[in-house]
Amino acid sequence: MALTATSVHHPPPPPPGAHGAVSPGRRRTALSLTAALAAVAVTVAALLIALAPRASAATLTPVSSFGTNPGNLSMYSYVPDGLPAGAPLVVLLHGCAQDAAAYHGHSGWAEHADEHGFALVYPEQKSANNASSCFNWFERGDTARDSGEARSVRSMVGHAVSSHGLDADRVYVSGLSAGGAMAGELLAAYPDLFAGGGIVAGVPVGCASSMIDAFSCMNPGKTRSAQQWGDAVRAKNPGRSGPWPRVAVWHGTSDTTVAPANGEAGVSQWTNVHGLSGGPDATERLPGSTTAAYYGGDADSASVAHYTVSGMGHGTPVDPSEDCGTAGAYFLAAVCSTGYTVDFWGIGNGGEGPGTGPTDPPTEEPTDPPTEEPESGVCVTDDNYGHVSQGRAVQRLGQTYAVGSDDPLGLWNVFVTTSVTETSPGYWEHTSAGC
C-alpha cells in the first residue's frame, strides 16, 4: 500500500501575554498538538519499516571446488543467514529426473533450515553419469566407502563443515527414491560420519548390484531375512560394532514405483543393525493418514522410525498448509516429513512436530479422505510430452506416468493424447473417459 503525506494546518501563534509569554492554557494546547504530531510521525515510521522489503535471504549456491570428486557430482549449499558456529549439517539427495534446485524448492528443507539453524548440502547428479540423473545406488563402485559417488559426497561434507564451522558430530543425510537408496548406502559406508538418516521411498542397502537388478529391487522388491539385510550393512565396515546412525524410513502405501515392501525391508535391516528384534516399542498417529512406528524407544529415543503414509504414491510427503514444502512432481501433499525427520534426529522442533506422546491420540482426529473428487479438481487433456513438460506426468524409459498416482499413460511422445485429473494438489490420476 502507498503512504502519502497529509498536510497539517497549524493555528497562528497566540499573542504574547502581559509579559510577552504564552498563557498556561494555550501552552498546554500547543504541547498536546506537538505530542500528537510526534505520535503520528512514529506511527508512519513504523509502517514504513514494516512495509520495507526484508534483507535478502540465503540462496542455494553452487560450490565449484570441494575436494576429491571421483563420482563427478556437482555440489550446492544453502547456509541460512547468521548461522552460528557448531550448527548441524543435512545432506540431501534428489530423485531421478530431479536436480538440487527442484529438491530445495519443494521439499521444505530450506524453511526448516532457516527456522532451526542448520546448513544444507545438495549433491547433484550429472546426466553424463546416469541418463536419468539418478544416483548410482546399485553400482558397487559408487557406494563403497571412499569410492565413486560416495567419496564425492564425503568430500562435500568435509568442505561444508570446514568452510562454515559446522558440527562434525551432527551430520545427517536424507533422500528420495534413488536418492533415498543412496542415502542408505552412505549411512552404511560412513556410519562414523552420519549421525542419522532419512530414506524416503528408497530400497534397502545392498539390494542391487546392477541396473537390471535395481528394477527387481524397486518392484516387487526382494525377500531376505532381517539378518541377511543387516549383514549387507555390516559388510561395508567389517569389524565395526557401532554406534550406528538413527534411521527414519518413509514410504507411501500406494507407491507403485518402489514397492512399499522396500520400506518394511529397510526397517528390518536397520533394526537388525541396531540389535533390535520384534515389533515397535511405540506407535503414533500423525496428520495426513500417517502412522509412525518407533523401534528401540519412543519418538525421542528410538533407533529406527517407520513412517507409513496411507494412500500416498511415490514421492516426498510435504504439507504446504504448514509452510513445509510445495506440491509438485514427486512432492505429494500429505504430511510434513521434513519436520518429523528433523524432530526424530533431535535437531529441531519441526513445523508440525509431534505434540502428543507416542501412544496418545492426536488432538484432532484426522479426517477421512474425500470419497469423491474435490470440486477444485482440474482435468487436462494433452499429449504425453505436454503432460511431462507441464509437471503433470513424468517419463521413465520412454513411458509416461501420472505424477502422484503413477498411473501409466503410454509412450512419451506428442502422438499419444491422454487426460489426467488433479484430485489433490500435485496428485494426478488418469481419466480414461476424457475431460
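Definitions and cut-offs
Numbers given for residues are sequential positions, taken from 1 along each chain in its written order. Local features in this predicted model are restricted to residues of pLDDT 70 or higher, and side-chain atom pairs are both shown and tallied only at a pLDDT of 80 or more, whereas totals for entire chains, interfaces and linings draw on every residue. As a rule here, side-chain values cover all heavy atoms of the structure and leave hydrogens and water aside. Counting from the N terminus, the helices are DSSP H or I runs at least four residues long and the strands are E runs at least two residues long. Three exposure classes are used, based on accessible area relative to the maximum for each residue type with a 1.4 Å probe and protein chains only: buried under 20%, partly exposed in between, and exposed over 50%. Residues are treated as being in contact if the distance between any of their heavy atoms lies within 4.5 Å. In these tables, accessible area is a Shrake-Rupley quantity obtained with a 1.4 Å probe, and a residue counts as shielded only by the protein chains included in the view. Pairing between two strands is assigned when DSSP locates at least 2 bridges connecting them. Any Phe, Tyr or Trp ring, taking Trp's six-membered ring, that has another such ring centre within 6.5 Å forms a pair; planes under 30 degrees apart are called stacked, those over 60 apart edge-to-face, and the others tilted. What counts as a salt bridge is simple: a side-chain nitrogen of Lys or Arg found within 4 Å of a carboxyl oxygen of Asp or Glu. Two cysteine sulfur atoms form a disulfide, by the criterion used here, when they sit within 2.5 Å.

Concerning the overall build of the protein
Stage number 1. The helix and strand inventory of the protein stands at 11 helices and 18 strands.
Stage number 2. Counting all 435 residues of the protein, 45% fall into the buried class.
Stage number 3. A fraction of 64% describes how many contacts in the protein between residues 6 or more apart in sequence connect residues 24 or more apart.
Stage number 4. Here the protein displays about 20,100 Å² of accessible surface, and carbon together with sulfur accounts for 54% of that area.

Description of the pairing of strand S4 (residues 119–124)
Stage number 1. The buried count for S4 comes to 6 of 6 residues, which makes it a mostly enclosed element.
Stage number 2. Neither face of S4 is exposed, since Ala119, Val121 and Pro123 on one face and Leu120, Tyr122 and Glu124 on the opposite face are all buried.
Stage number 3. Strand direction decides the pairing type here: strand S2 (residues 74–78) and S4, joined by 5 bridges, are antiparallel. The residue bridging Met75 from the neighbouring strand is Pro123, located in S4.
Stage number 4. When strand S3 (residues 89–93) meets S4, the two strands line up parallel, connected through 3 bridges. Within S4, the position partnered with Leu89 by the bridge is Ala119.

Examining the packing of aromatic side chains
Stage number 1. Here the structure, examined in full by the defined rule, presents 7 aromatic pairs.
Stage number 2. Each ring, one from Tyr172 and one from Trp345, has its centre 4.8 Å from the other, and the planes form 20°; the classification is stacked. Residue Tyr172 is located in strand S5 (residues 171–176), and its partner Trp345 is located in helix H10 (residues 337–345); the two are separated by 173 residues in the primary sequence.
Stage number 3. Take Trp345: its relative accessible area is 6%, and that puts it in the buried class.
Stage number 4. Summarising the aromatic geometry, the rings of Tyr294 and Tyr307 are spaced 6.3 Å apart at their centres and angled 85° between planes, so their arrangement reads as edge-to-face. Here Tyr294 is found in strand S9 (residues 290–295), whereas its partner Tyr307 is found in strand S10 (residues 304–309), with 13 residues between them in sequence.

What to know about unusual backbone geometry
Stage number 1. Looking along the chain, the bond that leaves Asn219 and enters Pro220 is cis, with omega of 15°.
Stage number 2. Relative to the elements of secondary structure, Pro220 occurs in the loop between helix H7 (211–218) and helix H8 (226–234).
Stage number 3. A cis amide bond, omega 0°, links Gly242 with the succeeding residue Pro243.
Stage number 4. If you trace the backbone, Pro243 turns up in the loop between H8 and strand S7 (246–252).
Stage number 5. Positive phi outside glycine occurs at Asn72, with the angle close to 55°.

Describing the pattern of salt bridges
Stage number 1. A full pass over the atoms with the stated rule returns 7 salt bridges.
Stage number 2. We note a salt bridge from Lys222 to Asp213, for which the minimum N-O separation is 2.6 Å.
Stage number 3. Classification of Asp213 as buried rests on a relative accessible area of 18%.
Stage number 4. Here Arg392 and Asp382 are joined by a salt bridge, their closest N and O atoms 3.0 Å apart. You can see Arg392 sitting in the loop between helix H11 (384–389) and strand S14 (393–396) and its partner Asp382 sitting in strand S13 (residues 378–383), a full 10 residues away along the chain.
Stage number 5. Assessed through its relative accessible area of 10%, Arg392 is described here as buried.

A few points about the state of the cysteines
Stage number 1. Within the structure shown, the criterion is met by 4 disulfides.
Stage number 2. Between Cys207 and Cys217 runs a disulfide, and the two sulfur atoms are separated by 2.2 Å. Taking the sign of the S-S torsion, -110° for the link of Cys207 and Cys217, the bridge is left-handed. Pair noted here: Cys207 is in the loop between strand S6 (196–200) and H7 and Cys217 is in helix H7, with a separation of 10 residues, a long-range link.
Stage number 3. Taking relative accessible area as the criterion, Cys207 reaches 2% and is therefore assigned buried.
Stage number 4. When its relative accessible area of 0% is taken as the criterion, Cys217 is described as buried.
Stage number 5. Paired by a disulfide, Cys324 and Cys336 hold their sulfur atoms 2.1 Å apart. One disulfide, between Cys324 and Cys336, carries an S-S torsion of 80° and so falls in the right-handed class. Of this pair, Cys324 sits in the loop between strand S11 (316–318) and strand S12 (331–333) while Cys336 is found in the loop between S12 and H10, placing the two residues 12 residues apart along the sequence.

Taken by themselves, the reported measurements are silent on function.
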